[in-house]
Amino acid sequence: MVCWALRRAAQVRVHLARKASGVCRGPEHQASGARPAAPEPATRGALGALGGTVELLGKSYPQDGYSNLSRKVLSRVGRNLHNRPHHPLWLIKERVKQHFYAQYVGRSGTPLFSVYDDLSPVVTTWQNFDSLLVPADHPSRKKGDSYYLNATHMLRAHTSAHQWDLLRTGLDAFLVVGDVYRRDQIDAQHHPVFHQLEAVRLFSRHQLFAGVKDGENLQLFEQSSRSAHKQETHTLEATKLVEFDLKQTLTRLMTHLFGDGLDIRWVDCYFPFTHPSFEMEINFHGEWLEILGCGVMEQRLVNSAGAEDQIGWAFGLGLERLAMVLYDIPDIRLFWSEDERFLKQFCVQDINQKVKFQPLSKYPAVINDISFWLPRENYTENDFYDLVRTIGGDLVEKVDLIDKFEHPKIDVSFCNLQAAAPEYPSKSFHLSPLTCNA
């Protein structure tokens, strides 16, 4: 007997596909910012199927119980929007590079910071988590939060996944730029693929205390206790100098991007790989906006990479977040547009030229409500979001959970007749399709 729940799930899938395909039709769809996705990478076997394989960027990865990649996300791998000339993300990256090249020069007159913007987004789980001291029970390790090729390989969730390897090569100042992947909700501010810029700088004892009076008597390290202000292996003087250099570096960067007179504040926060840690917020048009996360690098991380005699800072920022604020772009999915009316707005001769995104005409939104039964175990809301993206693509603007219902226990025989569907929790989602550009 066919299970009622499976039958209902199939109906919902077909219904959603029809609704999504009916939002925009004909020439209007081709003119919009939501064009068909780029060709999908070659894959063998069903995605997520045990015993199957997935080929990505010229390599083959066996799938197992961890595999949870969707074809929609795979279609984004290798697009490298941050390296596409005159794309808004490329503009932000180039402006940051230009600033660091001009402000920080080594003894030989060459840029102090190396730049890496073409590293593979496929990393090991050790690189993404363990090298950064992420606890074994941290929520970011869950399949509901990250994209796994299998139990040992994944799509990086942050550019910090390359910190350890670059430090291990002996680098002490570098920028890393790349696409990162996280399973996330559907709205104008979130996308499962976005782009980060990471920076790291290390200091030797001589470098840190060179300009300090009686600096020759100061030390980087000591054995004490950890507090809210310092790590157990750092002296307070070293921590405060590193923190000061970090905040000055970021203040100069934001002034370069946004202009003089910018109001900035620092909010204490937590990251597994830095302590103390901060979030930087700026007051832009009367509103406080979180821009990036940063902090003094955990010495255990630095030591394990072979730089035991140095101390340093790190920060990471989202390119989309900066571009949306600087260029007044209202929806994060527009960055994936192939519409020339969008892209031509950013073809400027000077990368520092001010650009204000000009909205394209829109059709009214179409709203649909659906309800369905869900399993009690091995399910997260991000599973449903990936399904919506796979079927509806970027036409679906937003998904909101508007109601939950769980049926009380009923007669066991009745459960069996109904394929135990009443035992499953039910949720209603409110879907708003992405408005199309004419």
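Reading the values: rules and limits
- Residues numbered from 1 in each chain as written.
- Predicted model: local features only at pLDDT ≥ 70, side-chain atom pairs only at ≥ 80, totals over all residues.
- Heavy atoms only, no water.
- Helix = DSSP H or I, 4+ residues; strand = E, 2+ residues; numbered from the N terminus.
- Contact = heavy atoms within 4.5 Å.
- pLDDT = per-residue confidence, 0-100.
- Core = buried A, V, L, I, M, F, W, Y, C linked by side-chain atoms within 4.5 Å.
- Buried < 20%, exposed > 50% of the residue type's maximum accessible area, 1.4 Å probe, protein only.
- Pairing = 2+ DSSP bridges.
- Axes fitted to C-alpha atoms, helices over the stretch in contact; angles between N-to-C directions.
- Parallel < 35°, antiparallel > 145°, perpendicular 65-115°, else oblique.
- Left-handed = near helix turned anticlockwise from the far one by under 90°.
- Nonpolar A, V, L, I, M, F, W, Y, C, P; charged D, E, K, R; others polar.
- Phe/Tyr/Trp six-rings, centres within 6.5 Å; stacked < 30°, edge-to-face > 60°.
- Lys NZ or Arg CZ within 6 Å of the ring centre and 35° of its normal.
- Expected span 1.5 Å × (residues − 1).

### Describing the environment of S114
No. 1: In this fold, S114 is placed in strand β4 (residues 114–116).
No. 2: Placed 62 residues apart in sequence, S114 and V176 show a C-alpha to C-alpha distance of 8.5 Å.
No. 3: Once you skip the residues sitting within four places of it in the chain, S114 turns out to touch L171, A173, F174 and L175.

### Quick look at the confidence of the model for the protein chain
No. 1: Across the protein chain, the average pLDDT comes to 83, with 80% of residues at 70 or higher.
No. 2: Within the model, the stretch residues 410–426 combines pLDDT values under 50 with 34 contacts to residues more than four positions away or in other chains.
No. 3: For residues 433–438, every residue scores under 50 in pLDDT, and the model assigns this stretch 39 contacts once sequence neighbours within four places are set aside.

### Focus on unusual backbone geometry
No. 1: Here the bond from H275 into P276 is cis, since omega is 0 degrees, no more than 30 degrees from zero.
No. 2: Along the chain, the position of P276 falls in strand β10 (residues 274–284).
No. 3: For D328, which is not a glycine, the phi torsion comes out positive at approximately 60 degrees.
No. 4: Checked against the element boundaries, D328 lands in the loop between α10 (319–327) and α11 (340–343).

### Points about the nonpolar core
No. 1: Within the largest apolar cluster, 72 residues are counted, with the highest numbers of intra-cluster contacts made by L155, M254, F258 and F315.
No. 2: The dominant element in this core, judged by the number of residues it contributes, is helix α8 (residues 236–258), at eight residues.
No. 3: Apart from residues lying up to four places away in sequence, L155 is in contact with L56, L69, V73, V77, P121, V122, Y147, L149 and Y181.
No. 4: In terms of nonpolar packing, the next biggest core, distinct from the first, is built from 22 residues, Y148, L171, F174 and F273 among them.

### Examining the sheet that holds β4
No. 1: The strand order β4-β7-β8-β12-β11-β10-β9 describes an open sheet built from seven strands, whose pairing is mixed. Looking at which strands have only one partner, the edges of the open sheet turn out to be β4 and β9 (263–271). Between one strand axis and the next, the sheet turns through 25 degrees on average, direction left out of account.
No. 2: Alignment of strand β7 (residues 173–181) against strand β8 (residues 193–203), held across nine bridges, turns out to be antiparallel. Paired with V180 across the strands is F194, a residue of β8.
No. 3: On the sheet, α8 packs against β8, β9, β10, β11 (287–297) and β12 (311–318) and is oriented at approximately 30 degrees with respect to β12.

### Remarks on the packing of helix α4 (residues 88–103) against α8
No. 1: Where α4 meets α8, the axes come as close as 10 Å, and the angle between the chain directions of the two elements is 125 degrees. When the interaxial angle is binned, α4 and α8 end up oblique. Regarding α4 and α8, the two cross each other, and that crossing is right-handed. In this structure, α4 contributes R95, V96, Q98, H99, F100 and Q103 to the contact, and α8 contributes T249, R252, L253, H256 and L257.
No. 2: The class makeup of the residues in the contact of α4 with α8 is four nonpolar, five polar and two charged.

### Here's the deal with the packing of aromatic side chains
No. 1: What the rule picks out here adds up to 13 aromatic pairs.
No. 2: Joined through ring pairs, the aromatic side chains of F100, Y104, F113, W313 and F315 make up one cluster.
No. 3: Cation over ring: R76 sits above W336, and NZ or CZ is 4.5 Å from the ring centre.
No. 4: It is R265 that lies over the ring of W288; its NZ or CZ is 4.2 Å from the centre.

### Considerations on the environment of V105
No. 1: Position of V105 relative to the elements: it lies in the loop between α4 and β4.
No. 2: Residues within four places of V105 in sequence aside, it is in contact with T110 and L112.

### Some details on the side chain of E320
No. 1: By the element assignment, E320 lies in helix α10.
No. 2: If we ignore the near neighbours within four places in the chain, the residues touching E320 are L89, V193, F194, H195, I332 and F335.

### Quick notes on helix α12 (residues 381–392)
No. 1: The end-to-end C-alpha distance of α12, which contains twelve residues, comes to 16 Å, matching closely the 16 Å that a straight helix rising 1.5 Å per residue would cover.
No. 2: Those residues of α12 that sit buried are N382, F384, Y385, D386, V388, R389 and G392.
No. 3: Downstream of α12 by a residue or two, G393 has a phi angle that is positive, lying close to 60 degrees.

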